[in-house]
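Per-entry structural report
Listed below are the residues making up each chain.
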Amino acid sequence: MRSVFHNGRVLIDAAFREGVAVVVEGGRIASVAERRADGERIDLDGDILAPGFIDTQVNGGGGVLFNDAPTVETIERIGTAHQRFGTTGFLPTLISDDLPVIARAIEAVDAAIERGVPGVLGIHIEGPFLNVERKGIHLASKIRALDSAAIELLTGLKRGRTLITLAPERTSPDMIRVLTRRGAIVSAGHTNASYAEAKKAIEAGLTGATHLFNAMSPLGNREPGMVGAVLDDERVTAGIIVDGRHVSPATLRIALRARCPDAFMLVTDAMPTVGDGDDFILQGKHIRVENGVCVDDSGTLAGSDLDMGLAVRNAVELLGVTPEQALSMASAVPARFLGLAESHGRIAPGAAASFVRLDSELNLRGVWIDGVAV
């Protein structure tokens, strides 16, 4: 099947272009040309066609949590729940848990990719190699030290990308080097690292910051902390939760001025409530949605009820970025961070035909994954 998307505003290299036809064949983009092309024509009627959203932090959705049942079926249900909000690529995310659970999660992601479950790009293992002082909702009893046996397990994914969130001060630069040499992407999170410790980790290959500002040492006047290291180093890409609750919009606006929008990727940190509004249990704790965020009974943040479509609109409204920048923060930036810039997060020949169609207010009107409407 050959499809031709036309009569729209197409986001190409972070800029809208009109009068171009995007030709899709075999699940990939065959061409982008300023001429009429043959095929089943899809009239965008002036709407935006942008790369599909890529979410690197998805704990759950559709009423299920990855930790509860790390299976292919859970991954598929989470993916289906997020597709309706424009997510065409995601990392099922496991928060701090025991090593056998991590092993099952890795096996499930491998199997999901092998079976062709739409949108699965790899796995995000968030903990348990964290700092208990910044644990947030993570269980202290699950937090442990990183050792050689754990590294062997963490780098066992055969297909897709592996993102690992750890506290740099609770491991060593040498262990971070080993992880990156084995193909893992290392991100700092739930950390109390000093600026010096953070910089050593970056030198060793750490390239990410997990939910910047949340659960990490802040920027101070004499100790810049983890936040300061991220804002001071162009090698780090930071995930940000733009829901108006996790981080003050003013704080995020300051961060964007310190770096630039393409240093930040939008993430949801989504919980089972996305696509299903019911309360749920997270490792024995009752979690409810309160004013758009997930909290336990003591009020501790426990992920979000945010979807990527809303994150994009929030970025424009709350952070003052342009629609082009917000859409890139949800697609091109995470694709680059994952090392998938050639195949995902862009509208260009050879890339995956994973798109979102949006109106002028950035409301979703259509989603395609690998050329298939969902």
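Scroll up a little and you will see the structure.
To keep things clear, this report deals only with the structure shown in the data block. (Residues numbered from 1 in each chain as written. Predicted model: local features only at pLDDT ≥ 70, side-chain atom pairs only at ≥ 80, totals over all residues. Heavy atoms only, no water.)

**Description of the overall build of the chain**
As a reminder of what qualifies: Runs of H or I in DSSP of at least four residues are treated as helices and runs of E of at least two as strands, each being numbered from the N terminus. Throughout, radius of gyration means the C-alpha value; the globule benchmark is 2.2 Å times the number of residues raised to the power 0.38. Per-residue accessibility, obtained with a 1.4 Å probe over protein chains only, is compared with the maximum for each type, and a residue is labelled buried under 20%, exposed over 50%, and partly exposed between these values. Working rule for contacts: check all heavy atoms of both residues, and any pair within 4.5 Å makes them a contact. In this description, accessible areas are obtained by the Shrake-Rupley approach with a 1.4 Å probe, and a residue is regarded as covered only by the protein chains that are shown. We score Asp and Glu as negative and Lys and Arg as positive, and we do not count His or the chain ends. Charge positions are represented by NZ for Lys, CZ for Arg, CG for Asp and CD for Glu.
Helix and strand content of the chain: 10 helices and 24 strands. What you see for the chain is a C-alpha radius of gyration of 20 Å, in line with the 21 Å of a compact globule of 374 residues. Expressed along its principal axes, the backbone C-alpha trace of the chain runs to roughly 60 × 45 × 40 Å. For the chain, the proportion of its 374 residues judged to be buried stands at 58%. Across the chain, the fraction of contacts at a sequence separation of at least 24, relative to all contacts at a separation of at least 6, is 70%. Put simply, the chain shows about 14,400 Å² of open surface, and 47% of that area lies on carbon and sulfur atoms. The distance from the centre of the 37 positive side-chain charges to the centre of the 47 negative ones in the chain is 4 Å.

**Things to note about empty space enclosed by the protein**
Under the convention used in this document: Every definition here rests on a 1 Å grid over the protein atoms only: cavities are sets of points where a 1.4 Å probe fits but cannot get out, pockets are open sets enclosed by protein on both sides within 12 Å along at least five of seven lines, and lining residues have some atom within 4 Å of a point. Grid points are joined across faces, edges and corners, and a volume is the space filled by probe spheres set on the points. Think of it as three bins: nonpolar holds Ala, Val, Leu, Ile, Met, Phe, Trp, Tyr, Cys and Pro, charged holds Asp, Glu, Lys and Arg, and polar takes everything else, Gly as well.
One pass over the full model with this rule turns up 2 cavities of 30 Å³ or more. Looking at the largest cavity, its volume works out to about 60 Å³. Tallied by class, the residues present in the lining of the largest cavity amount to 3 nonpolar, 6 polar and 1 charged. Taken as a whole, the second largest cavity spans an internal volume of roughly 50 Å³. Partitioning the lining of the second largest cavity into residue classes produces 4 nonpolar, 7 polar and no charged.

**What about the layout of surface pockets?**
By volume, the largest pocket is sized at about 270 Å³. Here the residues of the lining of the largest pocket are counted per class, giving 8 nonpolar, 7 polar and 3 charged.

**Description of the sheet that holds strand β5 (residues 28-33)**
Worth spelling out the cut-off: Here, strands pair whenever DSSP counts at least two bridges between them. Under this scheme, a helix contributes an axis fitted over its contacting stretch, all axes are lines through C-alpha atoms, and angles between N-to-C directions fall in the 0 to 180 degree range.
The sheet built from 4 strands is open, its strands ordered β5-β4-β1-β6 with mixed pairing. Of all strands in the sheet, those with a lone pairing partner are β5 and β6 (40-43), marking the two edges. Recorded for the sheet is a direction-independent mean angle of 25° between the axes of neighbouring strands. Pairing of strand β1 (residues 2-6) with β6, which is carried by 4 bridges, proceeds in the parallel orientation. Across the sheet, Phe5 pairs through a bridge with Ile42, a residue of β6.

**With respect to the sheet that holds strand β20 (residues 293-296)**
Neighbouring strands of a sheet are bound in pairs by backbone hydrogen bonds; such pairs are parallel or else antiparallel. Taken together, 4 strands build an open sheet; the order of strands is β18-β19-β20-β21 and the sheet is antiparallel. At either margin of the open sheet sits one strand with a lone partner, and together these are β18 (280-282) and β21 (301-304). Neighbouring strand axes in the sheet, compared pairwise and without regard to direction, differ in orientation by 40° on average. Where strand β19 (residues 285-290) and β20 come together, 4 bridges link them in antiparallel fashion. When the sheet's bridge partners are listed, Glu290 is paired in β20 with Val293.

**Brief notes about the nonpolar core**
To be explicit about the condition: Take the buried Ala, Val, Leu, Ile, Met, Phe, Trp, Tyr and Cys residues and link them wherever side-chain atoms come within 4.5 Å; each set so joined is a nonpolar core.
In this structure, Leu179, Leu212, Ile240, Phe264, Leu266 and Leu327 are the most contacted members of the largest nonpolar core, which totals 92 residues. Counting residues per element, this core draws most heavily on helix α2 (residues 99-115), at 9 residues. Not counting residues within four places of it along the chain, the set of residues in contact with Leu266 comprises Ile54, Ile240, Val242, Met308, Ala311, Val312, Ala315, Ala326, Met329 and Ala330. In this structure, Val10, Ile12, Val20 and Val24 belong to the second largest nonpolar core, which totals 15 residues.

**Structural notes on the pattern of salt bridges**
Should the charged atoms of two oppositely charged side chains come close, the side chains can pair. Put simply, the rule is: The salt bridge definition used is simple: a Lys or Arg side-chain nitrogen within 4 Å of an Asp or Glu carboxyl oxygen.
Throughout the structure, instances matching the rule amount to 17 salt bridges. When the shortest N-O distance is used, the salt bridge between Glu25 and Arg2 registers 3.0 Å. Of this pair, Glu25 sits in strand β4 (residues 21-25) while Arg2 sits in strand β1, placing them 23 residues apart in sequence. Judged by relative accessible area, which is 41%, Glu25 ranks as partly exposed. The class for Arg2 is partly exposed, based on a relative accessible area of 33%. Linking Arg288 and Glu290 is a salt bridge whose minimum nitrogen-to-oxygen distance equals 2.7 Å. Overall, the relative accessible area of 31% leaves Glu290 in the partly exposed class. Taken together, the salt bridges that share partners define one network made up of Lys199, Glu203, Asp233 and Arg235.

**Points about the environment of Ser248**
Among the structural elements, Ser248 can be located in the loop between β16 (237-240) and α7 (249-258). Separated by 95 residues in sequence, Ser248 and Ser343 have C-alpha atoms that sit 34 Å apart.

**Focus: the pairing of β16**
Burial along β16 is two-sided: Thr237 and Gly239 and Ala238 and Ile240, pointing in opposite directions, are all buried. Examined bridge by bridge, strand β15 (residues 208-209) and β16 share 2 bridges and lie parallel to one another. Following the sheet pairing, Gly208 is matched in β16 by Thr237. Two elements, β16 and strand β17 (residues 264-266), share 3 bridges in a ladder whose sense is parallel. Within the sheet, the bridge partner assigned to Gly239 lies in β17 and is Met265.

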